[in-house]
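Listed below are the residues making up each chain.
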Amino acid sequence: MLELADVHTYYGNIRALRGVSLTVAQGEIVTLIGSNGAGKTTTLKTILGTTRPRRGTVTFSGQRLDTLATDRIVRLGIAQSPEGRRIFARMTVLENLELGAFARKDRAAIGSDLERVFALFPRLAQRSTQQGGTLSGGEQQMLAIGRALMARPTLLLLDEPSMGLAPILVETIFRIIQDINRQGTTILLVEQNARMALGVAHRGYVMQTGRIVLQAAAAELLRSDLVRKTYLGEK
Amino acid sequence: MNAWEVLVQQTINGLTRGAVFALIALGYTMVYGIIELINFAHGDVFMLGLFISLSWFTLLGVTKTLTGWQLLTILPLVFILTMLTTAALNVAIDRVAYRPLRRSTRLAPLITAIGVSFMLENLALLWKGPAPIAYPDVFPSVDILREWFGVDSAIFVTTKDVLVVGATIPLMIALNYFVTRTRWGKAMRATAQDRETAQAMGINVERTILLTFFVGGALAGAAGLIQGIYYNIGMWWMGYQAGLRAFTAAVLGGIGNMPGAALGGLFIGFLSAWSDQYISARWTNAIVFSILILVLVFRPQGLLGARSADKV
Ligand SMILES: Nc1ncnc2c1ncn2[C@@H]1O[C@H](COP(=O)(O)OP(=O)(O)OP(=O)(O)O)[C@@H](O)[C@H]1O
Ligand SMILES: [Mg+2]
């Protein structure tokens, strides 16, 4: 469904991605783990076209993304919950969610998706007329995920969805991620919380300084020495 | 006229001026909000709006005061035609002059805007010549207090004052509806707040920029038409002063802040009318610019708070 082939992305002279190749098949949850600055966020940005690769290709359902404008990429069915949440602070919760559905053609179905998001995150329903900027960090994270779901994407990109959430909420979020996936959405999940991410994912990639250094089924990665030492903090 | 009557008269005068400044200031603030450009050519779009509205009246064969059903049909029609023309002009300016510089430094489009301003002024100079142009008295001017209410007062409130307010308020309401309720209005606000995330929502940012110039240009055109009807005169250089005052209004209200621009416009309207009366018209520009400088130095986010004060 999604394929990155030898992608190199730069910020000026900084080489953020140094030949990343990965695939995500329809129906999968694939996780991308790695330490700070490894290039995980850059990978997602490159998929969505907010940064462009200098070399390599990104294809989605047979279509090249690396030359397509971001709004067109979104229209192909890719949505993102970005790093740092990026809520529209001076718009209400409801408006933020509506914007998530901006690119959709099936306007009639938006109402039922709103219900679905409110059912997943009852907190958002209570706060629907509140300005996005006044939400707590965790609530903003829910809103960012809810907003991405409003696009009813076929591929959902999640950048550290558990960031800043209380442990109990982290459990909830990962359960929701699994639910969304079972309902047919393919997910590429970037996480610091490797244990949780590998717990829900089918497959995983490990990234270090702009390169994929390891890839395997999630269960296998959980058993690998590299992951256990570096990302799970085991001896 | 006693002192109170003078004050009331100048306040009414200030309200009508302020309405025009507010309409222009909105265009400054909207464009700044979305691409962080102080569009110095905006005052000149207002000036061209005046002349364009005059052309529309001429094309429609209007040479004298409109009455009855003609007033009710032709005047709204000319409003719409003028607003569409200046909206298209403003969009064209963006496409030709600013869009190619979208990825360059912030200074490049700013300097370009000053250049566009000169070009528009010289265009008007070529088109209309250096002398002030008479604007026909298309709108019936009735001294309301005396003729409708039989009150013998030194204060003049005319139907033209009513027109200014009666045209500006619906425009403001429509604008407010557009930005708060419609899909593209929300897209515009989202783009102003966070362009990259707006893109990630599937919003075509170039299209929202186009829309912003369109709406801003339409409002400037309405302001030009109102100005022409109210003062019956137009000059090729009038966009400069009106533009700087409206820009001050936008800064005062917090650049990027739309209600702020409307209120700032009213404030500058009152201030300039009072200053003309109580100090001297010669000093009004100096006073307005002193305010601009004071605000920029001591409260760059404006009195109502801007969306990005750090970038003024
Ligand atoms: N806008 C930018 N300008 C310059 N360098 C950048 C920019 N964004 C990221 N980088 C650099 O690119 C590299 C990869 O960053 P990226 O944000 O993709 O890492 P990450 O894996 O998401 O890290 P984290 O887990 O901390 O979010 C880092 O070295 C970072 O400093
Ligand atoms: Mg990151």
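In the block above lies the structure referred to throughout.
Residues numbered from 1 in each chain as written. Chains lettered and ligands numbered in written order. Predicted model: local features only at pLDDT ≥ 70, side-chain atom pairs only at ≥ 80, totals over all residues. Heavy atoms only, no water.

Caption draft 1: Broad picture of the overall build of chain A. Scanning chain A from terminus to terminus reveals 10 helices and 10 strands. For chain A, whose C-alpha radius of gyration is 17 Å, the value lies close to the compact-globule estimate of 18 Å for 235 residues. With the C-alpha coordinates aligned to their principal axes, the bounding extent of chain A is approximately 45 × 40 × 30 Å. Per-residue burial over chain A gives 54% buried out of 235 residues. Long-range contacts, defined as pairs at least 24 residues apart, comprise 65% of the intrachain contacts of chain A with a sequence gap of at least 6. Summed over its atoms, the accessible surface of chain A is roughly 9,900 Å², and 49% of this surface lies on carbon and sulfur atoms. Positive and negative side-chain charges of chain A, numbering 30 and 20 respectively, have mean locations separated by a distance of 4 Å. (Helix = DSSP H or I, 4+ residues; strand = E, 2+ residues; numbered from the N terminus. Rg over C-alpha atoms; globule rule 2.2 N^0.38 Å. Buried < 20%, exposed > 50% of the residue type's maximum accessible area, 1.4 Å probe, protein only. Contact = heavy atoms within 4.5 Å. Areas by Shrake-Rupley, 256 points an atom, 1.4 Å probe, with all protein chains shown as cover. Lys, Arg positive; Asp, Glu negative; His and termini not counted. Charge placed at Lys NZ, Arg CZ, Asp CG, Glu CD.)

Caption draft 2: Layout of the interface of chain B and chain A. Of the residues lining the interface, 19 residues belong to chain B; the matching set on chain A comes to 21 residues. When chain B packs against chain A, close to 1,900 Å² is buried across both sides, 54% of that on carbon and sulfur atoms. The largest contributions to the chain B side of the interface with chain A come from Arg183, Gln193 and Met201 of chain B, which together make up 34% of the buried area. Where chain B packs against chain A, one counts three salt bridges. (Buried area = accessible area lost by both parts, 1.4 Å probe. Salt bridge = Lys/Arg side-chain N within 4 Å of Asp/Glu carboxyl O.)

Caption draft 3: Here's a closer look at the sheet that holds strand 3 (residues 29-34) of chain A. Residues and elements named next belong to chain A. Spatially, the six strands line up as an open sheet ordered 6-7-8-3-9-10, and their pairing is mixed. Only two strands of the sheet have a single neighbouring strand rather than two, namely strand 6 (78-81) and strand 10 (211-217). Within this sheet the neighbouring strands show an average axis-to-axis angle of 15°, counted without direction. Where strand 6 lies against strand 7 (residues 155-159), four bridges are found, and the strand directions are parallel. Across the sheet, the residue bridging to Gln80 is Leu157, located in strand 7. Running at roughly 150° to strand 7, helix 1 (residues 40-48) makes contact with strand 3, strand 6, strand 7, strand 8 (186-191) and strand 9 (203-208) of the sheet. Against the sheet, helix 7 (residues 167-182) engages strand 3, strand 7 and strand 8, with an angle of about 155° to strand 8. (Pairing = 2+ DSSP bridges. Axes fitted to C-alpha atoms, helices over the stretch in contact; angles between N-to-C directions.)

Caption draft 4: Just helix 1 (residues 3-35) of chain B, in detail. All names here are of chain B. Over its 33 residues, helix 1 runs 46 Å from end to end, which matches the ideal 48 Å to within 8%, given 1.5 Å per residue. Judged by how many residues are buried, helix 1 sits mostly within the fold: 26 of 33 residues are covered. The distance from a side-chain oxygen at the start of helix 1 to the backbone nitrogen of Trp4 is 2.9 Å, and the residue carrying that oxygen is Asn2. Trailing helix 1 by a residue or two, Glu36 shows a phi angle of about 55°, which is positive. (Expected span 1.5 Å × (residues − 1). Polar contact = N/O pair within 3.5 Å; in protein donor to acceptor, adjacent residues only side chain to side chain.)

Caption draft 5: Geometry of the coordination of the magnesium ion (ligand 2). All names here are of chain A. Donor atoms from the polypeptide that coordinate the magnesium ion (ligand 2) comprise Thr41 (OG1) and Glu83 (OE), at 1.9 to 2.4 Å from the metal. A residue pair is termed long-range when its members are at least 10 positions apart, and Thr41 in helix 1 and Glu83 in the loop between strand 6 and helix 3 (93-100) qualify at 42 residues. Accessibility expressed as a relative area gives 35% for Glu83, which makes it partly exposed. (Donors = N, O, S within 2.8 Å, 3.2 Å for Na, K, Ca; no water.)

Caption draft 6: Region of the structure containing the site of ligand 1. Residues and elements named next belong to chain A. Around ligand 1, a shell composed of 14 residues is seen, among which Lys40, Thr41, Thr42, Glu83 and Gln192 lie nearest. Residue Thr41 places a side-chain N or O atom 2.6 Å away from an oxygen atom belonging to ligand 1. A distance of 3.3 Å separates an oxygen atom of ligand 1 from a polar atom in the side chain of Glu160. Relative to its unbound accessible surface of 630 Å², ligand 1 loses 65% to contact with the protein. Counting only elements with at least two residues in the shell around ligand 1, the list comes to strand 2 (14-24) and helix 1. (Near = heavy atom within 4 Å.)

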